[in-house]
Amino acid sequence: MNTQTRIPALEIEEDFRARAHEALGDPQLRGNFRRAMDSLMTKRAAAFSDPEEREDLRSLGNAIRARALSKLPELLEQLDRNLTRNGVQVHWAETIEEANAIVLGIVNAHSARQVIKGKSMVSEEMEMNDFLGERGVECLEADMGEYIVQMDHEKPSHIIMPAIHKNAGQVGKLFHEKLGVDYTTDVDQLIQIGRRVLRQKFFEADIGVSGVNFAVAETGTLLLVENEGNGRMVTGVPPVHIAVTGIEKVVENLRDTVPLLSLLTRSALGIPITTYVNMISGPRQPGELDGPQEVHLVLLDNGRSQAFADSELRQTLNCIRCGACMNHCPVYTRIGGHAYGEVYPGPIGKIITPHLVGLAKVPDHPSASSLCGACGEVCPVKIPIPALLRRLREENVKAPDSPHQAMRGQGSKYSRKERFIWNAWARLNRSPALYRVFGFLATRLRNLVPNSVGPWTQNHSAPKPAPRSLHEMAREHLHKPSGDL
Amino acid sequence: MSAKHNILAKLRGSLAGTTPIADNFNEALVTEPWRYAPEQRLAQLRKLMEAVHTEIHLCSEQDWPRRLAEQVQARQLLSLLIAPGTAHGQRVSEHWALHPELPPLKAYDRPIEQWKAELFNDTPASFTGTLGAIAATGSLIIWPTPQEPRLMSLVPPVHFALLKASEIYDNLYEVQQRQKWASGMPTNALLVSGPSKTADIEQVLAYGAHGPKDLVVLILEDA
Amino acid sequence: MSDLFYNAVPNATRVAPPRHAPRQYPDSKPQRVYLFGTCVVDLFYPEAGMDAIHLLQREGIAVEYPQGQSCCGQPAYTSGYTEQAREVARAQLALFAGDYPVVVPSGSCAGMFREHYPDLFKDEPETLKQVQALAARTYELVEFLLKVCKVQLNDLGQPTKIALHTSCSARREMNTHLHARELLAQLSNVERVDHDHESECCGFGGTFSVRMPDISGAMVLDKTRALKESGAHQVVTADCGCLMNINGSLEKQHAALRGQHVASFLWQRSGGQR
């Protein structure tokens, strides 16, 4: 689909509308996403068939994440201590540049040429594949979906199912062109081709990179979930394992992972558990015969501390990366993941990305929503996504001299004209006399509404006020002797 | 100042004057909906595991090595990797010694660096024990050890696992409590709930992605 | 309500508020209610507002319509112009000060009063008390008719099939879809049919429909197609924003199908005159 060798993640934000427009006009994309999202929604609903249990569990998930965030610095220190005691090397990075430098340092220390990567959205934030590729180190994706999109020089379009925008025919064609295998649309055969190629890569790799689903402070444990086995491969076969994660992924106790796991797998895929739950607490110990001899954890900030600083926005960090929000989003379903132009698409993408890259880079993100609330209703950790979108809109239109500076890039959609219009609207609506005049004019001059009224008439006939307002009709009716009880 | 210092300082600054939220766990919620009568546990486990293509055979304490041999032969496997130092590995060795027609046993008795190519390319099946299983999710509990390293249950395309029915727990919370996980985790701990799978292409489920294509569980009915 | 989940300290980590307990309704009808008409009803669908008044009056309830009312403030609020929304909200507060119910023929505006006014005034403790009292006595029209008036409707109309579209805020903030279904089920000659992706947003979202017309347009096209394919003879909705969106699209498509506000539908079916 794409001939560029590198897709910059931080593309110009104005293109959001252009990309959305293009996606909306692509029937194959629309069909693929509609079917996929419908299926994921149905699966989730079936997995949460008891509404009481579901809502209680969501509350518990929210409570556990809030507790962890309420003591985040303490838990991060405890995690660091316990991981270090277990033999894991813990690194901290404020920016993606720092994080990549740490990874490169480990790569160079081992003269590594081949890195194999399990699924990690944080590594996408880091653009690790390109960073290492530019330095002559192969960084290959091992998750089937990620492998497919990497082969096609694309970014993932969904955080759980990276190749969800592709159908089997497209994958078959891709494998045929890039791997030289016979064209097939048989999914089992395609998976076996991937298995064969990647098995050799697991075998050869110098370093394995993974993400982390939950980092447990109590025991110094990294918990990873997956269905394919690539996560166990990359964290188990190569002599060095580097895990990368955001600073918000820590949970206090091991038992906290029990409800969070249940929420994660049921919300994401409608399954009671993933094929593998992989809990890593250290490198190979004396006497053990396999496992990496070195395990590293890179803790990345990259703007999360900005979200953390504001108690309302801090809730963004509850996220356990299940993808349910995008599965239920009517906007995401229609424009797909690539239209967002950033690492995280969908509702979570809209509320986290402004912290990662600044609002100025993604000024349309907060507005790309009808605030329908489907996302907030399904979020397993009760992030109030619509409220956060509204808050980000507020930040977006703040005047440059506004006293409270919560975010990088705030005021990126500030417009004096728009502010003037809303001030006028407020003046009108808080003054009964003005409002009455406005109502009179709107109704009496209704036939003067032109047929084309900006973006509204793109999708609708011209709006025509009624001949008389409710104010008038009600006043008349309620003051009639018979109408007034 | 280091990144660690800067990050922690920012976070602390943001929490200035606040009190950490007290423990708010809900034990009932993660146990009560996930409790089974003892006689139901096995059925629940089977239902969930078989739904994702796990093959399950019920055996007795006496005849499970013979049943294992049957399965190995039925699949025409050319060898079987075991951990001879374990009790169940011993039983296999003993049974195999009486049946020379069976394909050879391999032992995972040296570091992987010494035989990685053979493990990847020429080891069609493995046999491990388990630390029990979880009925609520249909999961085997596997804690790799020096005798039974983690790659045994990952690299060979066919994985045979031995489970005692008496060690089937109701739910993960119960497992963590009764096996006291929080007091010390091993290098690697695993829950394995079926053969490897993926739905990454058009949401169509395909088995045998990177992990084993076949998971065969021999359940000792000793409960 | 706000102090339940906020620690006294403003930068405390937030825990989600506990779920609303099912709403308790008064045992008997009040003698008097306010009607908050909403700005969309006022200017575009005043007949729906009048039919709401008629329905309430038929239940023996006096209806007061403060002439100074205008808009609940939602358009500014959702666009991020919080200060402007607050100004307008404050003006409405003053007009509905009496301790009797406020009935609103729109789930999204009722939701604004109940769910979002407390947020708007969370930093003004005195006003907040007033707002909380107002929220407690605000009802969406269908909810009020069903749960407070316990209305019994006689269907005097011809057999017909309808599709019910419920606005997202009405659905999620006010459970209006359930109330509306129950009320419509009282009409013996009315068959309600489901439509495809019924719980999905119609694409209005207030200013979303003009800020993101491409995406909004795609959503309303899917919604109108689903409504057309449902076999319904007409569409009924309790929210005029959605009504404007759906009808505007149907008109542009020169489709035969149209929507009507539930107040008008109920009033006409149960023999009401205009």
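What counts and what doesn't
- Every chain's residues receive numbers from 1 upward, in the order its sequence appears when written.
- Just so you know, chain letters begin at A and ligand numbers begin at 1, following the order they were written in.
- It should be noted that, the model being predicted, local features are given only for residues of pLDDT at least 70 and side-chain atom pairs only at 80 or more, the latter also being counted only at that level, while totals for whole chains, interfaces and linings use all residues.
- Only heavy atoms go into the side-chain values, all of them from the structure, while hydrogens and water stay out.
- For every residue, the accessible area obtained with a 1.4 Å probe (protein chains only) is divided by the maximum for its type, and the residue is called buried under 20%, exposed over 50%, and partly exposed between those limits.
- Every helix listed is a DSSP run of H or I at least four residues long, and every strand listed is a run of E at least two residues long, numbered separately from the N terminus.
- Should DSSP find at least two bridges between two strands, the strands are taken to pair.
- Domain boundaries shown here were taken from an automatic or database domain assignment.
- Residue contacts follow a heavy-atom distance rule, with two residues in contact if any of their heavy atoms lie within 4.5 Å.
- Here the buried area means the combined drop in accessible surface, using a 1.4 Å probe, for two parts upon being joined, counting both sides.
- Put simply, a nonpolar core is a bunch of buried Ala, Val, Leu, Ile, Met, Phe, Trp, Tyr and Cys residues held in one set by side-chain atoms that sit within 4.5 Å of each other.
- Each salt bridge in this description consists of a side-chain nitrogen of Lys or Arg and a carboxyl oxygen of Asp or Glu lying within 4 Å of one another.
- N or O atoms closer than or at 3.5 Å make up a polar contact, with two conditions inside protein: a donor-capable atom paired with an acceptor-capable one, and, for residues adjacent in sequence, both atoms drawn from side chains.
- Classification convention: Asp, Glu, Lys, Arg as charged; Ala, Val, Leu, Ile, Met, Phe, Trp, Tyr, Cys, Pro as nonpolar; all other residues, Gly among them, as polar.
- What a helix is expected to span follows from its residue count: subtract one and scale by 1.5 Å.

Moving on, we get to the pairing of strand E9 (residues 276–280) of chain A. Here E9 of chain A lies mainly inside the structure; 5 of its 5 residues are buried. Side-chain alternation along E9 of chain A places Tyr-276, Asn-278 and Ile-280 of chain A on one buried face and Val-277 and Met-279 of chain A on a second face that is also buried. As paired strands, strand E6 (residues 221–226) of chain A and E9 of chain A are joined by 5 bridges and run antiparallel to one another. Pairing of Leu-223 of chain A across the sheet is with Met-279 of chain A, part of E9 of chain A. The pairing of E9 of chain A with strand E9 (residues 188–192) of chain B spans 5 bridges and is classified as antiparallel. Looking across to E9 of chain B, one finds that Tyr-276 of chain A is bridged to Val-192 of chain B.

As a further point, take the domain arrangement of chain C. Residues and elements named next belong to chain C. By the assigned domains, chain C splits into domain 1 (32–146) and domain 2 (152–269). Here domain 1 and domain 2 have C-alpha centroids that lie 22 Å from each other. Listed by partner, the interface residues are 30 residues for domain 1 and 27 residues for domain 2. Where domain 1 abuts domain 2, roughly 2300 Å² becomes buried across the two surfaces, and 67% of that area is made up of carbon and sulfur atoms. Of all residues in domain 1, Tyr-45, Val-142 and Leu-146 give up the largest surface area on contact with domain 2, accounting jointly for 26% of the area buried on that side.

Right, let's get into the environment of Ala-474 of chain A. Relative to the elements of secondary structure, Ala-474 of chain A occurs in helix H22 (residues 470–479). Using a relative accessible area of 0% as the deciding quantity, one classes Ala-474 of chain A as buried. For the pair formed by Ala-474 of chain A and Pro-162 of chain A, sequence separation is 312 residues and the distance between their alpha carbons is 56 Å. Apart from residues no more than four positions distant in its own chain, Ala-474 of chain A is found in contact with Met-50, Ile-53 and Tyr-65 of chain C.

Counting residues in hydrophobic clusters, the biggest one holds 164 residues, and the most contacted among them are Leu-132 and Ile-335 of chain A, Leu-140 of chain B together with Ile-215 of chain C. Here Ile-335 of chain A is in contact with Phe-16, Ala-20, Ala-23, Leu-24, Leu-29 and Tyr-340 of chain A together with Ile-215 of chain C, once residues within four sequence places are set aside. Counting residues in hydrophobic clusters, the runner-up holds 58 residues, among them Val-40, Val-41, Ala-180 and Val-190 of chain C.

Time to look at the interface of chain A and chain C. Opposite the 74 residues of chain A that make contact, chain C presents 74 residues. Summed over both partners, the interface of chain A with chain C buries about 6500 Å², with 59% contributed by carbon and sulfur atoms. Inspection of the region where chain A meets chain C yields 8 salt bridges. In this structure, the connection of chain A to chain C is made through 40 residue pairs in polar contact (both at pLDDT 80 or more). Residue composition of the side of chain A that touches chain C, by class: 30 nonpolar, 22 polar and 22 charged.

Now for the pattern of salt bridges. Opposite charge on two side chains permits pairing when their charged atoms draw close. Throughout the structure, instances matching the rule amount to 67 salt bridges over all chains. The closest approach of N and O atoms between Glu-252 of chain A and Arg-67 of chain A, which form a salt bridge, is 2.8 Å. Here Glu-252 of chain A, found in the loop between strand E8 (250–251) and helix H12 (257–269), pairs with Arg-67 of chain A, found in helix H3 (residues 51–70); they are 185 residues apart in sequence, far enough to count as distant. Accessibility assignment for this pair places Glu-252 of chain A and Arg-67 of chain A in one class, buried. Note that Glu-476 of chain A is salt-bridged to Arg-468 of chain A, the shortest N-O span being 2.6 Å. We classify Glu-476 of chain A as partly exposed; its relative accessible area is 46%. Residue Arg-468 of chain A is classed as partly exposed on the basis of its relative accessible area of 30%. Several salt bridges converge on common partners, so that one network encompasses Arg-30, Arg-34 and Arg-334 of chain A together with Glu-200, Asp-222 and Arg-225 of chain C.

Attention now moves to helix H18 (residues 385–396) of chain A. In a regular helix each residue adds 1.5 Å, so 12 residues correspond to 16 Å; H18 of chain A covers 16 Å between its end C-alpha atoms and thus fits that length. In terms of burial, H18 of chain A is largely enclosed, as 10 of its 12 residues are buried. Within H18 of chain A, the full set of buried residues consists of Ile-385, Leu-388, Leu-389, Arg-390, Arg-391, Leu-392, Arg-393, Glu-394, Glu-395 and Asn-396 of chain A. Residues of H18 of chain A that are buried sit in contact with helix H14 (324–327), helix H16 (346–357) and helix H17 (374–378) of chain A together with helix H4 (74–79) and helix H5 (82–95) of chain C.

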